[in-house]
Amino acid sequence: MSVWHGLVGQRPVVTSLSGAASTGHGMTHAWLFTGPPGSGRSNAAIAFAAALQCERGGCGECHECRTVLAGSHADVGVIRTQRLSIGVDQVRDLVRRSALAPAGRRWQILVVEDADRLTDQAFNALLKAIEEPTDRTVWMLCAPTVEDVLPTIRSRCRLVTLTTPSAADVADFLVRTLGVPDDLATYAARASQGHIGRARALASDDATRARRREVVSIPTRLRTLGAAMSAAAQLNETSKAEAESITTELDAVERADLDAAYGVVERGRKPREYAPARAALEREQKTRAKRRHLDVVDRALMDLVSVYRDAVATAVGAPGGLVNEELREQVTTLAEDGGPEGNLRRIDAIFAAREQMLEFNVPVMLALESMMVSLLPPVDPAGGSGGAGAASALRRRGNA
Amino acid sequence: MGTIGVGALWQAVATMAASSRSSASRGPSPADVLGRITLVTGKEEFLNERTVVAVRAAVREHDAEAEISEATASELTMAVLGELAAPSLFSTTRCVVVRALENLPEESAAGLLTYAADPADDVAIVLVHGGGPKGSGTLNKLRKIATVTEVKSTELRASELPRFVAGEARAAGAGIDEEAAEALVQAVGGDLRSLSAAARQLASDFAGERISVEKVGRYFGGRAEATSFAVADHAFAGRRAKALEELRWAMDTGTAPVLVTSAFAAGARGLARFSGAPRGMREADLAREVGVPPWKIRTLRDQVRGWDSTGLAGAIRAVATADADIKGAGSDPAYTLERLVLTVTELRTR
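Everything numeric here is computed off the predicted structure, so don't read it as measured data. (Residues numbered from 1 in each chain as written. Chains lettered and ligands numbered in written order. Predicted model: local features only at pLDDT ≥ 70, side-chain atom pairs only at ≥ 80, totals over all residues. Heavy atoms only, no water.)

K.L.:
What exactly am I supposed to notice about the packing of helix H13 (residues 257-276) of chain B against helix H17 (residues 333-347) of chain B here?
P.N.:
Pairs of packed helices are described in terms of their axes, by the angle between the two and the distance that separates them. Residue and element names in this part refer to chain B. Where H13 meets H17, the axes come as close as 10 Å, and the angle between the chain directions of the two elements is 20 degrees. Regarding the angle of H13 to H17, the classification is roughly parallel. Every pair of crossing elements has a handedness; the one defined by H13 and H17 is left-handed. Contacts between H13 and H17 involve Pro 257, Val 260, Thr 261 and Phe 264 from the former and Pro 333, Leu 337, Leu 340, Val 341 and Val 344 from the latter. Residues that form the contact of H13 with H17 fall into these classes: eight nonpolar, one polar and no charged. (Axes fitted to C-alpha atoms, helices over the stretch in contact; angles between N-to-C directions. Helix = DSSP H or I, 4+ residues; strand = E, 2+ residues; numbered from the N terminus. Parallel < 35°, antiparallel > 145°, perpendicular 65-115°, else oblique. Left-handed = near helix turned anticlockwise from the far one by under 90°. Contact = heavy atoms within 4.5 Å. Nonpolar A, V, L, I, M, F, W, Y, C, P; charged D, E, K, R; others polar.)

K.L.:
Got a minute to help me understand the packing of aromatic side chains in this structure?
P.N.:
Two aromatic rings are characterised by how far apart their centres lie and by the angle between their planes. Counted under the stated rule, the structure contains six aromatic pairs over all chains. Ring centres of Phe236(B) and Trp307(B) lie 5.6 Å apart, and the angle between their planes is 50 degrees; on these two criteria the pair is classed as tilted. Remark: Trp307(B) occurs in the loop between helix H15 (296-304) and helix H16 (309-329) and Phe236(B) occurs in helix H11 (residues 228-236); sequence separation between them is 71 residues. Trp307(B) shares its class with Phe236(B); the two are buried. Each member of the aromatic cluster is reached from another via a ring pair, and the members are Trp31(A), Phe33(A) and Phe48(A). (Phe/Tyr/Trp six-rings, centres within 6.5 Å; stacked < 30°, edge-to-face > 60°. Buried < 20%, exposed > 50% of the residue type's maximum accessible area, 1.4 Å probe, protein only.)

K.L.:
Teacher, can you tell me more about the interface of chain B and chain A here?
P.N.:
Reports often express the size of an interface as the amount of accessible area lost when the parts come together. Contact with chain B, which involves 20 residues of that partner, is made by 17 residues of chain A. Around 1500 Å² of area is buried between chain B and chain A when both sides are counted, 70% of it from carbon and sulfur atoms. When the buried area of chain B at its contact with chain A is split by residue, Arg269(B), Ile316(B) and Lys327(B) rank highest and sum to 30% of it. Linking Arg269(B) and Glu369(A) is a salt bridge whose minimum nitrogen-to-oxygen distance equals 2.6 Å. Inspection of the region where chain B meets chain A yields three residue pairs in polar contact (both at pLDDT 80 or more). For the side of chain B that touches chain A, the elements supplying multiple residues, two or more each, are H13 and H16 of chain B. (Buried area = accessible area lost by both parts, 1.4 Å probe. Salt bridge = Lys/Arg side-chain N within 4 Å of Asp/Glu carboxyl O. Polar contact = N/O pair within 3.5 Å; in protein donor to acceptor, adjacent residues only side chain to side chain.)

K.L.:
Please clarify how the domain arrangement of chain A should be interpreted in this entry.
P.N.:
Residue and element names in this part refer to chain A. In terms of domain boundaries, chain A breaks down into domain 1 (3-161), domain 2 (167-220) and domain 3 (221-399). Per-residue buried area on domain 1 facing domain 3 is highest for Gln 82, Arg 83 and Leu 84; these three make up 82% of the total on that side. Where domain 1 meets domain 3, there are one salt bridge. A salt bridge links Asp 295 to Arg 117, with the nearest nitrogen and oxygen atoms 3.9 Å apart. Taken together, the links from domain 1 to domain 3 amount to zero residue pairs in polar contact (both at pLDDT 80 or more). Grouping the amino acids of the side of domain 1 that touches domain 3 by side-chain chemistry returns one nonpolar, two polar and three charged. (Domains from an automatic or database assignment.)

K.L.:
I would appreciate a short explanation of the sheet that holds strand E4 (residues 123-128) of chain B in the present structure.
P.N.:
Backbone hydrogen bonds are what pair the strands of a sheet, in a parallel or an antiparallel way. All names here are of chain B. Ordered in space as E2-E3-E4-E1-E5, the five strands form an open sheet in which the pairing is parallel. Strand pairing shows two members of the sheet lacking a second neighbour, strand E2 (67-72) and strand E5 (148-153), which therefore form its edges. In this sheet, adjacent strand axes meet at a mean angle of 15 degrees when their direction is disregarded. As paired elements, strand E1 (residues 36-42) and E5 share six bridges and run parallel to each other. Among the inter-strand pairings, Leu 39 is bridged to a residue of E5, identified as Glu 150. Along the sheet face, helix H3 (residues 45-62) touches E1, E2, strand E3 (94-99), E4 and E5 and points at about 165 degrees away from the line of E3. Contacts from helix H5 (residues 106-117) reach E1, E4 and E5, with the element oriented near 135 degrees to E4. (Pairing = 2+ DSSP bridges.)

K.L.:
Even after reading the chapter, I still don't get unusual backbone geometry, so can you show me in this structure?
P.N.:
Peptide bonds are trans in most cases, and residues, glycine excluded, mostly fall at negative phi. All names here are of chain A. Positive phi is not limited to glycine here, since Asp 114 has a value of about 55 degrees. Its place among the elements puts Asp 114 in the loop between strand E3 (108-112) and helix H5 (120-131). A positive phi angle is found at Gln 193, which is not glycine, with a value near 50 degrees. Mapped onto the elements, Gln 193 comes out in the loop between helix H8 (182-192) and helix H9 (196-204).

K.L.:
Is there a simple way to think about the pairing of E3(B) in this case?
P.N.:
The two faces of the sheet receive side chains in turn, since in a regular strand these alternate between them. Residue and element names in this part refer to chain B. Counting buried positions along E3 gives five out of six residues, so the element sits mostly inside the fold. In this structure, E2 lies alongside E3, joined through six bridges in parallel fashion. Residue Glu 70 lies in a different strand from E3, and its bridge partner there is Val 97. Regarding topology, H5 serves as the crossover connection from E3 to the parallel E4, and that connection is right-handed. (Right-handed = clockwise from strand over helix to strand, strands pointing away.)

Encoded structure:
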């Protein structure tokens, strides 16, 4: 089983990368991996790193391959962050490390996951190191699109573009690795829209499926202003709870570690340095929680977009399957209700809310409220409220 | 023996200072401060300072030649304290004011306590604690000593400020109308020192006259503390001119633009949820359903009359856009906020 086994639906990329690793053809000192979220950018980078360290070009069996894939290889550094951005200090450390000769015989490899989260300052600190690295240093940056990194960085890297894996590829992968039944794999593959991590979660976790069902049912529930407001509040609450369930445990562990490091016991004396260290830790935990919350909301919005996407596809009679095949009835209603223009406008509203939250730090609650009221069915100018639309929708559902 | 009596008297001074029915003119007598320790605590720095001045005045009253010195607790070693408290060549009466007691070095605390238990007769010591939890151990020990009198200033609530102003004016020999006092508080803000200065200024400008609202208005215009919530309340009630005026005051006095948009967001949210809430609920349940404090329900009931769901949806969108604009999507917060006020008042159906 070679190191490329974990990459789904990326045959051309695998061919060129394994060629570079085994024959040296097209090998260079800096790589930029781009591709949609969940397509396996960092996995591709790590697989490539393993192939470079391996004597046999990525056999997946030897010590080198195994340690790289497990994240414990001495000459492969992976930089990931749980915060909103990677700052200049972190990058300076990295640059220092990149100047070291590898401990092993082959390469010193530095993989930056989430290179899109580097601040401008951090990018600039990276420039020189990427332009003229030492002989045996290889940089690998991962970002969703090339626009996410500075042009000066982009021009110094060889670009590797991953594609969105097809639903069939993903379903096949799920059956192969998780051993889930075919219909569940197909559902998860479709619903994840090519995001492999998401597909795995959907295929293996009931709670994740339930949360997604909740989100995709929002459009049919949006009939009145009150419903829109409570949908926004509910989405905000559930996503916060989900994010907290991930972070709370981690926070407690970190707190306990900090207490142990400073020798603090319950009700005991605390050293003078303890309070600032704890404040710093709490600050960090807070930004991490914020990012988690945003990530969770963002994913929910993508699920929501998929429903309207299906409605547009149905309205214009586009070929190909629906993402939410199981909701075909509701999607048809939605398609008749708003028409392709109306549903495109709704998709726009969702992306606007996303931009407000992620780019401009608008409170999640406010952005969601603004989005939900934009998703409401258009008001009949004579009728005053959405009553007429709701009634016709009910009629249609009764007929079906 | 006299501790209780003295304590009671001092308590009276302190409460009088706080509610300001009196001024520094009725301060402590020399016997209250000489040969004793006066411990000044509490958060109102202005009132604390006033106590210090009163003690000094009492000492001077006893002996016009008295030597008065100042020190900060951080530099207070036993040697310094001994030096300050010892009779000098020129005068036997002394007054020592020690500030920032919270910074007292640990090694000096024992010495200070020993001295406090047996102070010199002709010396008045004033210890001023700047507030906060630091040094509270020493404070508690000091409080237990019989020769120590504590004068504690309590923070004034906003509703007590007009009375404070009235007291200041009376102390300066002038009467002030209740409304005038309120107007002055609104114009000057909650800072006691500024309020006191303003009241005294008015009293000396209009010597012998009663200070009325017009007289306050002649010298003090405007608003020191305009709240973002007032802007939002006016806007959602459809009072466009009032909202714009309040917005200007808020921005001129340094209210952050994000506070204004968050007040608008809270306002729009309250209205939207209120209008969507089921009819015929009890007020307390309704408040919980809408997510606002109960007193807010009546305001919402008034405001909601001018709104339909299309208007509210538009308002919510406008607030979110404005919030993004303030945080970098736009370039001029003042323009953004004024446009927000105009948009919101426009969306309201009269």
